[in-house]
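Working through the structure, step by step
Each chain, written out:
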Amino acid sequence: MQWCARKEERDVLIVLLAQGNGVGVTFDVTRISDGNGMAIAITGMVIVFVALTLIASFIGSLPHVLRFIDPYLPAVHDHAGSPPPDEQLPSDELPIVAAIGYVLQQEVLRTASQPSSPKVPNAT
Amino acid sequence: MQMFVEFLKTTGFAQMELGNVVMIIIGVAFIALAIVKHYEPLLLLPIGFGVIIGNIPTIASMALSVYDQGGLTVNGDGTVTYQSGSVLSYIYFGVSQGIFPPLIFLGIGAMTDFSTMLSNPKLILLGAAAQIGIFLTLLGAMAIGFTPEQAAAIGIIGGADGPTAIFLASRLAPDLLGAIAIAAYSYMALVPVIQPPIMRLLTTRDERLIRMKAPRTVPKRERIIFPVAAFLICTLIAPGSLVLIGMLFFGNLLKESMVTERLAVTARTAMIDIVTVLLGVSVGASTQAQTFLRPQSLMIFGLGALSFAIATAGGVLFAKFMNLFLTDKINPLIGAAGVSAVPDSARVAQMIGQAEDPHNYLLMHAMAPNVAGVIGSAVAAGVLWSVLL
């Protein structure tokens, strides 16, 4: 088996797990240096940090960049998209508006059904 | 009568080995966990059923398993015959060739809201810190005898990102793909079990009580520019992450542009569901006892747990380290969300935080390192692929 084929008796040798078939798992730190493990790990970690740090820096500077280019390239709202949040009707007001409309309509209908009442304009 | 006896020899009962029985029990356990405990049911249920499918003994002459691939064979008389592969092998092609993971990333991108990350960019560093689990586990796996390629594929389990783990394993260690995929998805499902003890151990009560400022509203323009810019940054630094990062940010651009709503909806609903089903079943079916029940698999599971624990600790400790320099303190619990596993690890941060202060809402803050972790693990996979290929 490839994963336990090497038997150098150097440095730390710890039996971590003994399987039923008698194969022991050996912990040998020289395998890390032989396989260039430290270099791979450090390179990988540094690149991940650099990439995400650059993204963070870009995001941090983006509002300032946009403020700078605003006079030349103002934000436009196309008709395909929904309006920005400050132009939208808050969703919790919709039931209130509907209730007011319903009450108004009922009031108009009730008034119109009374023969003695003066004629009211069409609700619509 | 003889035909009947011959038929009996071909049944699953006659060919069943102890290993197959063990794997079928594991498959049933996965299904039970998904249904009873609700542990990642969208993943564990297809994988669990796939495990059962893959461990039904088949007739050697019939192409039924995921490993029965078709191909041309040259006969003794010089003629060439073509034998078609099994249906499962064609589905598994998407896993073995790394096709499914980028498609899942497309769907993830189309459903991910990067707003919280954009509103507080310093939290991105927590997503980077949590990737330390990948690289320390790589060293541990190498020390116990795995090759650097296998060790990298095992280490990526700590990224807590199933598609990334499958993608890298299919590139660097195809022989370990089944075990790595099962380990990655199992630990993702066990996020609520693995992370809390580590988070409590590494934080004080006062730290868990830290309240963070509400994130600012992110304008549409920033949300549209971000996927394009972040894609350029990541792939110019680590071209190996091109496929995963490209699909992730392409999906996000579909969502944020608001002019391709149909495509974004398809990517985050029907498409990702179809791919998840195919991936789950075929990965599960690849865990045949004869290839899966080996000491290697046990070690992969052990190293995967280690990787996950280190990643969680790395995120929490780095948040504490950042607090040494920040005036607006970060609640270190959200550092644990840097391991990806979107959105479960963010939910765990919220849960642990609310256990101390029911009015402390950490979820939106935890989503920032959570999605940064997805980017971080994809970049890490790209780096490892580039370095070890």
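Analysis parameters
Residues numbered from 1 in each chain as written. Chains lettered and ligands numbered in written order. Predicted model: local features only at pLDDT ≥ 70, side-chain atom pairs only at ≥ 80, totals over all residues. Heavy atoms only, no water. Helix = DSSP H or I, 4+ residues; strand = E, 2+ residues; numbered from the N terminus. Contact = heavy atoms within 4.5 Å. Areas by Shrake-Rupley, 256 points an atom, 1.4 Å probe, with all protein chains shown as cover. Salt bridge = Lys/Arg side-chain N within 4 Å of Asp/Glu carboxyl O. Buried < 20%, exposed > 50% of the residue type's maximum accessible area, 1.4 Å probe, protein only. Core = buried A, V, L, I, M, F, W, Y, C linked by side-chain atoms within 4.5 Å. Pairing = 2+ DSSP bridges. Buried area = accessible area lost by both parts, 1.4 Å probe. Polar contact = N/O pair within 3.5 Å; in protein donor to acceptor, adjacent residues only side chain to side chain. Patch = residues over 30% accessible without salt bridge, like charges linked within 9 Å, V, L, I, M, F, W, Y side chains within 5 Å. Axes fitted to C-alpha atoms, helices over the stretch in contact; angles between N-to-C directions. Parallel < 35°, antiparallel > 145°, perpendicular 65-115°, else oblique. Nonpolar A, V, L, I, M, F, W, Y, C, P; charged D, E, K, R; others polar. Left-handed = near helix turned anticlockwise from the far one by under 90°.

1. Some details on the overall build of chain B
Regarding its fold elements, chain B presents 21 helices and 2 strands. Pairs at least 24 apart in sequence give 75% of the contacts found in chain B among residues at least 6 apart. Carbon and sulfur atoms make up 70% of the accessible area of chain B, which amounts to about 15600 Å² in all.

2. Quick word on the overall build of chain A
Each helix and strand counted, chain A has 3 helices and 2 strands in total. Starting at the N terminus, the α and β elements of chain A follow one another as β-β-α-α-α. Within chain A, contacts between residues at least 6 apart in sequence are counted, and of these 8% link residues at least 24 apart. Accessible area for chain A stands at about 8900 Å²; split by element, carbon and sulfur atoms hold 65% of it.

3. Describing the pattern of salt bridges
All names here are of chain B. Using the criterion set out here, one finds 11 salt bridges over all chains in the structure. The partner of E222 in a salt bridge is R216, with the nearest N and O atoms 2.9 Å apart. Exposure remark for E222: the relative accessible area of 2% places this residue in the buried category. For E256, the salt bridge is made with K255, and the minimal N-O distance between the two is 3.0 Å. The pair formed by E256 and K255 is uniform in burial state, with each residue classed as buried. Several salt bridges share partner residues, and in doing so they unite R205, R208 and E356 into one network.

4. A few points about the side chain of B:E222
Here B:E222 is to be found in helix α15 (residues 220-237). The residues contacting B:E222, other than those within four sequence positions of it, are A:L62, A:P63, A:L66, B:L118 and B:R216.

5. Points about the nonpolar core
In this structure, A:I55, B:M117, B:F146, B:F226 and B:I375 are the most contacted members of the largest nonpolar core, which totals 130 residues. The leading source of residues in this core is helix α21 (residues 363-388) of chain B, at 15 residues. Those residues in contact with B:I375 that lie beyond four places of it in its chain are A:L52, A:I55, B:F114, B:M117, B:F226, B:C234, B:I245, B:L248 and B:F249. B:L106, B:A110, B:L254 and B:A267 belong to the second largest nonpolar core, which has 5 residues in total.

6. Topic: the pairing of strand β1 (residues 71-74) of chain B
Pairing between β1(B) and strand β2 (residues 80-83) of chain B: 4 bridges, direction antiparallel. The partner of B:T73 across the bridge, within β2(B), is B:T81.

7. Thoughts on the interface of chain B and chain A
Each partner contributes residues to the interface: chain B has 50 residues there, and chain A has 43 residues. Carbon and sulfur atoms supply 81% of the area buried between chain B and chain A, which totals about 3900 Å² over both sides. Linking chain B with chain A are 1 salt bridge. A salt bridge links A:D70 to B:R221; its shortest N-O distance comes to 2.6 Å. There are 3 residue pairs in polar contact (both at pLDDT 80 or more) connecting chain B and chain A. If you list the elements that add at least two residues to the side of chain B that touches chain A, you get α7 (115-119), α8 (124-129), α9 (132-143), α10 (148-155), α15, α19 (295-323) and α21 of chain B.

8. So, a nonpolar patch on the surface
Where nonpolar side chains cluster on the molecular surface, the patch consists of A:M38, A:I42, A:V46, A:V50 and A:L54 and spans about 420 Å² of accessible area. With respect to the element layout, A:L54 can be found in helix α2 (residues 37-69).

9. Examining the packing of helix α12 (residues 177-189) of chain B against helix α13 (residues 191-202) of chain B
Residues and elements named next belong to chain B. Across the interface, α12 lies against α13 with an axial gap of 5 Å and an inter-helix angle of 65°. Regarding the angle of α12 to α13, the classification is roughly perpendicular. Across the interface between the two elements, Y187, M188 and A189 of α12 pack against V191, P192 and I194 of α13. The residue makeup of the contact of α12 with α13, split by class, is 6 nonpolar, no polar and no charged.

10. Considerations on the environment of B:S345
All names here are of chain B. As for its position among the elements, S345 is in helix α20 (residues 344-356). S345 gets classed as buried once you look at its relative accessible area, which sits at 0%. Between the C-alpha atom of S345 and that of L190, which follows or precedes it by 155 residues, the distance is 9.9 Å. Excluding residues that lie within four positions of it along the chain, S345 makes contacts with V191, Q195, A336, A337, V339, S340 and N370. Side-chain polar atoms of S345 contact the backbone oxygen of S340, separated by 2.5 Å.

11. Considering the packing of α2(A) against α15(B)
Axis angle and axis distance: for two packed helices, these are the angle between their axes and the distance between the axes, and together they describe the pair. As a packed pair, α2(A) and α15(B) sit with axes 10 Å apart at the nearest point and diverge in direction by 150°. Between α2(A) and α15(B), the interaxial angle falls into the category roughly antiparallel. Between α2(A) and α15(B) the crossing geometry is right-handed. Residues A:I47, A:V50, A:A51, A:L54, A:I55, A:F58, A:I59, A:L62, A:P63 and A:L66 of α2(A) form the contact with α15(B), whose own contacting residues are B:R221, B:E222, B:I225, B:F226, B:A229, B:A230, B:I233, B:C234 and B:I237. Residue composition of the contact of α2(A) with α15(B), grouped by class: 17 nonpolar, no polar and 2 charged.

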